Amino acid sequence: MSQTIPDSSQSSSLEAFEPPPRNLKPTVFWRIADDIPPTLQWPLTVASILIPLVAWWILSRIADIPPSFLPSPEAVVVATRELWVKGFLAEDTVASVLRVSLGFGAAALLSIPLGVCMGTFASIRALCEPFISFLRYMPAPAFIPLLIIYFGLEEAPKIILIFIGTLFFNTLMIMDTVKFVPKDLIETTYTLGGQRWQVLKSVILPYVTPKIIDTFRINFAAAWNLVIVAELIAAEEGLGRRIAFAQRFLRTDEIFACLIILGLLGFILDLLFRWILKTTCSWAFD
């Protein structure tokens, strides 16, 4: 009597749909390493926004907290509209976004070739990693006095601060990504007669491109933190400058307005990075 042996594709598909162990109860909310259905995801997403807003509104209404410490959501909306009508909000937002874009953009352009070379060639890694790791542990705001001495109080020190604060993290994260490229892919390219530059161009770069974009998406938050720190110290315009000005006169509603704008900008930029990742590296999601 012959016995049919399932092939590897059939066995893998059976494993993918294997039911959970009998000691686990079926669940949707507490799934581990599995996606939840859209019918649950969207309500949870909306709740994550509404619950803090409702709690904020209730606390500002019921609790005996002065408006100078906790303004109501309505007061923040009014302050946001006033800042927009006066032109301050658009001017400060553009100034902060421009500084972040220039500083982080320059760091990204340098960190890609440097990180890829350090991850690909052990010799370059041995030459550069100790020095970069040493600089990484120096807090970027600690460079502000030197940057002011060297470059004054204009735009240059603010942009350079963002550059310093993001370059080293981008470089080391990209290096680690390249180090984990499967060696089987590299050895296969050599077996087929490929040269080193072909391995770098056709194997390493396509493999790490999605992770590089994801690295930039994560580290972009650090650029926002640094631009606010720079603007709090010395700036004529910018969201950080607007926060410092509002704090001086106890305009807490304007501080909340600027913080909400910063959060919205960060959220929009995060979505932009995700869109770039999906449109330029769609093959990585197949």
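Quick note: structure is the one above.
Residues numbered from 1 in each chain as written. Predicted model: local features only at pLDDT ≥ 70, side-chain atom pairs only at ≥ 80, totals over all residues. Heavy atoms only, no water.

A.B. asks: Requested: an account of the overall build of the protein chain, with residues and values cited.
C.D. replies: If you tally the helices and strands in the protein chain, you get eleven helices and zero strands. Secondary structure elements in the protein chain, listed N-terminal to C-terminal, are α-α-α-α-α-α-α-α-α-α-α. The C-alpha radius of gyration computed for the protein chain amounts to 25 Å, which surpasses the reference 19 Å derived for 286 residues by more than 25%, pointing to a less compact arrangement than a globule. Across its three principal axes, the protein chain shows a C-alpha extent of roughly 90 × 55 × 30 Å. For the protein chain, buried positions account for 33% of its 286 residues. For the protein chain, contacts bridging at least 24 residues in sequence account for 69% of all contacts bridging at least 6. Put simply, the protein chain shows about 18,900 Å² of open surface, and 68% of that area lies on carbon and sulfur atoms. Computed over 22 positive and 24 negative side-chain charges, the separation of the two mean positions in the protein chain equals 2 Å. (Helix = DSSP H or I, 4+ residues; strand = E, 2+ residues; numbered from the N terminus. Rg over C-alpha atoms; globule rule 2.2 N^0.38 Å. Buried < 20%, exposed > 50% of the residue type's maximum accessible area, 1.4 Å probe, protein only. Contact = heavy atoms within 4.5 Å. Areas by Shrake-Rupley, 256 points an atom, 1.4 Å probe, with all protein chains shown as cover. Lys, Arg positive; Asp, Glu negative; His and termini not counted. Charge placed at Lys NZ, Arg CZ, Asp CG, Glu CD.)

A.B. asks: Account for the pattern of salt bridges, naming residues and giving values.
C.D. replies: Opposite charge on two side chains allows them to pair when their charged atoms are near. Applying the stated criterion across every chain yields a total of nine salt bridges. Of the charged contacts in the structure, one is a salt bridge between Asp92 and Arg242, with a shortest N-O distance of 2.8 Å. With a gap of 150 residues between them, Asp92 in helix H4 (residues 88-120) and Arg242 in helix H10 (residues 239-248) connect regions that are remote in the sequence. The class of Asp92 is buried, set by a relative accessible area of 3%. A relative accessible area of 14% means that Arg242 is categorised as buried. In this structure, the salt-bridge partner of Arg99 is Glu231, at a minimum N-O distance of 2.6 Å. Here the residue Arg99 occupies a position in helix H4, and Glu231 occupies one in helix H9 (residues 196-233), the gap between them amounting to 132 residues. (Salt bridge = Lys/Arg side-chain N within 4 Å of Asp/Glu carboxyl O.)

A.B. asks: Got a sec to walk through a nonpolar patch on the surface? Specific residues and values, please.
C.D. replies: Nonpolar side chains collect at one region of the surface, where Val46, Ile49, Leu50, Leu53, Val54, Trp57, Ile58 and Ile62 lie side by side and expose about 740 Å² of accessible area between them. Note that Ile49 resides in helix H2 (residues 38-62). Using a relative accessible area of 52% as the deciding quantity, one classes Ile49 as exposed. (Patch = residues over 30% accessible without salt bridge, like charges linked within 9 Å, V, L, I, M, F, W, Y side chains within 5 Å.)

A.B. asks: Run through the packing of H10 against helix H11 (residues 252-280), naming residues and quoting values.
C.D. replies: Axis separation between H10 and H11 bottoms out at 8 Å; the angle between their running directions is 160°. Our classification of the angle between H10 and H11 gives roughly antiparallel. Seen from above, H10 lies across H11 with left-handed handedness. Contact residues: H10 offers Leu239, Arg242, Ile243, Ala246 and Gln247, while H11 offers Glu254, Ile255, Cys258, Leu259, Ile261, Leu262 and Leu265. In terms of residue class, the contact of H10 with H11 is made up of nine nonpolar, one polar and two charged. (Axes fitted to C-alpha atoms, helices over the stretch in contact; angles between N-to-C directions. Parallel < 35°, antiparallel > 145°, perpendicular 65-115°, else oblique. Left-handed = near helix turned anticlockwise from the far one by under 90°. Nonpolar A, V, L, I, M, F, W, Y, C, P; charged D, E, K, R; others polar.)

A.B. asks: Any details on the environment of Asp270? Residues and values, ideally.
C.D. replies: Assignment of secondary structure puts Asp270 in helix H11. Sequence separation between Asp270 and Phe220 is 50 residues; the distance between their C-alpha atoms is 8.4 Å.

A.B. asks: Go over the nonpolar core, please, and point to the residues and values.
C.D. replies: Core analysis: the largest hydrophobic core is formed by 56 residues, its most contacted members being Val100, Phe216, Phe220, Trp224 and Leu239. Counting residues per element, the ones that place at least two in this core are helix H3 (73-86), H4, helix H5 (122-136), helix H6 (144-151), helix H7 (155-179), H9, H10 and H11. (Core = buried A, V, L, I, M, F, W, Y, C linked by side-chain atoms within 4.5 Å.)

From the geometry alone we can't say anything about function, so treat these as descriptive.
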